[in-house]
Amino acid sequence: MPRYTLEELAPSLRVYRHCERSAAISSGWCQAVRDCRAALAMTKAAKKIQSACRLLFGGQVQGVGFRPFVYRTAKKTGIQGWVQNCRGEVLIHAEGETQAIEQFTHRLLQQAPAIARPVLLNQSQAVGEEVEGFAIRSSDATTVADIHTPVDYFTCPDCLEEMNNPLDRRYRYPFINCTQCGPRYTLIHALPYDRTNTSMAGFELCPACQKEYSDPEDRRFHAQPIACPDCGPQLHHVENGQTTQGNEAALEKTLGVLRCGGIVAVKGVGGYHLMCDARSDRAVQTLRQRKQRPDKPLAVMFPVQGDDELGAIREHADIDESAAALLRSPQRPIVLLTKAESSTGQSGVLSAHIAPGINELGVFLPYSPLHYLLLQEFNAPLVATSANLSGEPVMTDNQEVEQRLAQVADAFLHHDRPIAHPADDSVYRVIHHRARPLRPGRGMTPLELTLPVSVPAPMLAVGGQMKNTVALAWDNRLVISPHIGDLDSPKSLDQFTQTIHQLQNLYEVEVGIIVCDAHPDYRSHRQARQMAAQGGQRLMPVFHHHAHAATLPLEYDQPEHTTERPWLVFTWDGSGYGEDGTLWGGEALLGSSGNWQRVASFKPFYLPGGDKAARQAWRSAAALCWQTGMNDFAVPGHELLKQAWDQHLNCPATTAVGRLFDAAAALTGLLKQYSFEGQGPMWLEAQVTECVDDKALPLECNEAGVLEADWTDLLAMLQDTSLSVARRATRFHSIMAATLVEQACRLREQHGEFFVGLTGGVFQNKHLTEHVIQLLQQQGFNVHINTQIPCNDAGLCAGQIMEAAARLNLRNL
């Protein structure tokens, strides 16, 4: 029967419906009835109109099993067509009934894999191709790039179940993975995300893996890192020049060294860990001595225990809901938790040398199959600290690790899967009921955010001197690199340069503007100036605390939430180059990105030795005492320092709150010299019991109209030995919090309403930050702290992008 339009069928349909309504139908109408019934059937069929459309998805759709998911969803909903990778995006051609296409599209958005974040960028009608079935096409590398790089994921429950199943062919295989888990960023050389563009390209699939890879119904359909014991990466153990090949043999050798109290450098997903028995004082002390890391806390990896996997950690640390969710999240970060009052259990007592002087532990769960196997067999916590020399990036190369850590590790557990990009473990702390990142790394980076403003040209931001990260921005997209480290060593500078090149190549972005910290002596500043001179890019210096302040509008001033209300951002840290050439660090900035006004600060003091004060707290203490006339404050061995200070020789002026915390650590007798940056403030915080209401420091406007807090009254209290150290530490925190709130209240009277932001390294302090938020909220303030970007210098690069973009946009108005 020929196909008719609804308009052509209408006359016959009206006749048929008339016949149906008739009480009696004569035989003469029989043929008409039959014809009209056929017409009605065709009408119903016509309502199920076949259509074709193109769906373009962006967001996190690479390396997350999205194409196999599209394939299976198409089969379930009766859609014909194809799906194809297009350099960061996924293009779908769908043919079927209109209703089926709508259902198909809805499922793709609402039922996507847990680690996918699809965004429907475009849906348009298409010409039907009369395809049969549904296919996954080869990737198209000719399209314009819109790249979203997947992060590395922990081992999923399905893979763990297979790894522990003696009947499975991947039983105890240390590199098991599927479309929903395993390494991503650390093995990708280029996009589209195909095996040939990863460090797995050299591992040819065996017939069994190839079958899984090609089977649409298999969980490993198009899983690019797919591998098995027959065709995938292998372990080998090196000890005293002897190499042990084979996964099981290498594992057993490694466990033997650990059980004897030895130290093993273990290659993981984004680099090496130095691992030892976390219960052994001798092992931990040996690690500290060899690594020249006497006090800095060491992270501890715990075996999975209990239904929620956290049983072993609960024996040693207090876990709330936020921390539990974070520990078990796909990121599997290190989380800082309060030590349990009684840290005994099945796994034994942890060494007191893991985190001396503080009441917290950095804990995390296994995230790679190799870690699961090690912890499962060892059945006790293991120290798992970055395998590097102090301040340098984590090591990734087998030969380099053996050469540079020969005097640190007793043995090495290598594998032969190359690491394309190093990625240290991410670190978080739960502050005010929310997870706050302190170090961006594996599982978190590359961190992709949306800017509330568009950049006029692609930008590179090179961050600061300490805790360095770098960022790329183009259009309204922002990408933050993993943690690089402190730029004090040639290795760190090499990694800094390499990361910049790798990010630009990976995202195919050619920058036209380079943004750097305004401090002329920062190595990142010097490198940026050199790169701009060689490449012809525009160089934009940004003041340190302007960049810190800009991270909060970046996070919270998204287009759907924009408002005319300004920000008052407290930027408290150790130091940063200020607009007047002095070292700021206790500032309150009013306004918005690109337009900040310094409205509050602290009374400046002159810091003997400048940057040396970051490791020598007595210098900050001496500065405060000498400035208030306490000339009898003696520093043995540094008698000439007072003379230099009197003449302000190498004694820069500073307003840094971080240095006030250093002085408090020294004046209370806790610490006068540090083995790592931030040690004094951390030990001081550990003494705090519970912050109480206290009086703010005296406030007075200086000649420039800036509301200054005078720290002089702190000195007598901090040196009052009739008070316990805990009492003095608690009062110090309470007074600093009260001072901030008083500044905010005074400024509200003068300037009207604003959002309050807290950022800078000082606000890594949980006690201080939570007490400040409580007091501010009691005064009716709307308070924000960083949740996606670190508040310390690891977030500077993001703030630099935001600040530079805002400045350029303001000029173009």
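Residues numbered from 1 in each chain as written. Predicted model: local features only at pLDDT ≥ 70, side-chain atom pairs only at ≥ 80, totals over all residues. Heavy atoms only, no water.

A. Region of interest: helix 18 (residues 657-667). In terms of burial, helix 18 is a largely internal element, 11 of the 11 residues being buried. Among the residues of helix 18, V657, G658, R659, L660, F661, D662, A663, A664, A665, A666 and L667 are the ones counted as buried. Of the residues trailing helix 18, G669 is marked for its positive phi of about 90°. (Buried < 20%, exposed > 50% of the residue type's maximum accessible area, 1.4 Å probe, protein only. Helix = DSSP H or I, 4+ residues; strand = E, 2+ residues; numbered from the N terminus.)

B. Region of the structure containing the environment of I735. Among the structural elements, I735 can be located in helix 21 (residues 725-751). As a C-alpha pair, I735 and D694 span 41 residues in sequence and 5.5 Å in three-dimensional space. Residue contacts for I735: discarding those within four places in its chain leaves D694, K695, A696, L697, L714 and M717. (Contact = heavy atoms within 4.5 Å.)

C. Unusual backbone geometry, seen in detail. The omega angle of the peptide bond from T445 to P446 is 0°, so this bond is cis rather than trans. Mapped onto the secondary structure, P446 falls in the loop between strand 16 (434-439) and strand 17 (447-450). Positive phi, normally seen in glycine, also occurs at D475, with a value near 55°. With respect to the helices, strands and loops of the structure, D475 is situated in the loop between strand 19 (471-474) and strand 20 (477-480). The exposure class assigned to D475 is exposed, which follows from its relative accessible area of 52%.

D. Quick look at the sheet that holds strand 1 (residues 50-60). In space, the 5 strands of this open sheet follow the order 4-1-3-2-5, with mixed pairing throughout. Across the chains shown, the open sheet's two edge strands, defined by having one partner strand only, are strand 4 (117-125) and strand 5 (134-136). Direction aside, the axes of adjacent strands within the sheet are offset by 20° on average. For strand 2 (residues 80-86) and strand 3 (residues 89-97), the ladder comprises 7 bridges, and the chain directions are antiparallel. Looking at strand 3, one finds that V83 is bridged to I92. (Pairing = 2+ DSSP bridges. Axes fitted to C-alpha atoms, helices over the stretch in contact; angles between N-to-C directions.)

E. Layout of the pattern of salt bridges. Applying the stated criterion across every chain, the model contains 34 salt bridges. The shortest N-O distance in the salt bridge between D580 and R598 comes to 3.7 Å. Here D580, found in the loop between strand 23 (567-577) and strand 24 (583-592), pairs with R598, found in strand 25 (residues 595-602); they are 18 residues apart in sequence, far enough to count as distant. Linked by salt bridges that have partners in common, E392, E400, R404 and K491 make up one network. (Salt bridge = Lys/Arg side-chain N within 4 Å of Asp/Glu carboxyl O.)

F. Local environment of the packing of aromatic side chains. For the coordinates displayed, the defined rule picks out 18 aromatic pairs. Taking 5.5 Å as the distance between ring centres and 65° as the angle between the ring planes, the aromatic pair formed by Y71 and F221 counts as edge-to-face. Within this pair, whereas Y71 is found in helix 3 (residues 66-77), its partner F221 is found in the loop between helix 6 (207-214) and strand 6 (235-239), the two being separated by 150 residues in sequence. When the ring of W572 is compared with that of F763, the centres are 5.5 Å apart and the planes differ by 25°; the resulting orientation is stacked. On the criterion of sequence distance, the pair formed by W572 in strand 23 and F763 in the loop between strand 30 (755-759) and helix 22 (766-778) is long-range, its members being 191 residues apart. W572 gets classed as buried once you look at its relative accessible area, which sits at 0%. What links up through ring pairs into an aromatic cluster is the set Y71, F104, F134 and F221. Lying over the aromatic face of Y367, R442 brings its terminal NZ or CZ to 3.4 Å of the ring centre. Here the guanidinium or amino end of R565 rests over the ring plane of F755, the centre of that ring lying 5.0 Å away. (Phe/Tyr/Trp six-rings, centres within 6.5 Å; stacked < 30°, edge-to-face > 60°. Lys NZ or Arg CZ within 6 Å of the ring centre and 35° of its normal.)

G. Region of the structure containing the pairing of strand 19. A two-sided burial pattern is seen for strand 19, the buried positions comprising A471 and A473 on one face and L472 and W474 on the other. Examined bridge by bridge, strand 19 and strand 20 share 4 bridges and lie antiparallel to one another. Of the residues in strand 20, the one forming a bridge with A471 is I480.

H. Quick look at the packing of helix 3 against helix 4 (residues 98-110). Where helix 3 contacts helix 4, the two axes come as close as 10 Å, and the packing angle between them is 150°. Between helix 3 and helix 4 the crossing geometry is right-handed. Residues F66, F69, V70, T73, A74, K76 and T77 of helix 3 touch helix 4, and the partners they reach there are A100, Q103, F104, R107 and L108. Grouping the constituent residues of the contact of helix 3 with helix 4 by class yields 7 nonpolar, 3 polar and 2 charged. (Left-handed = near helix turned anticlockwise from the far one by under 90°. Nonpolar A, V, L, I, M, F, W, Y, C, P; charged D, E, K, R; others polar.)

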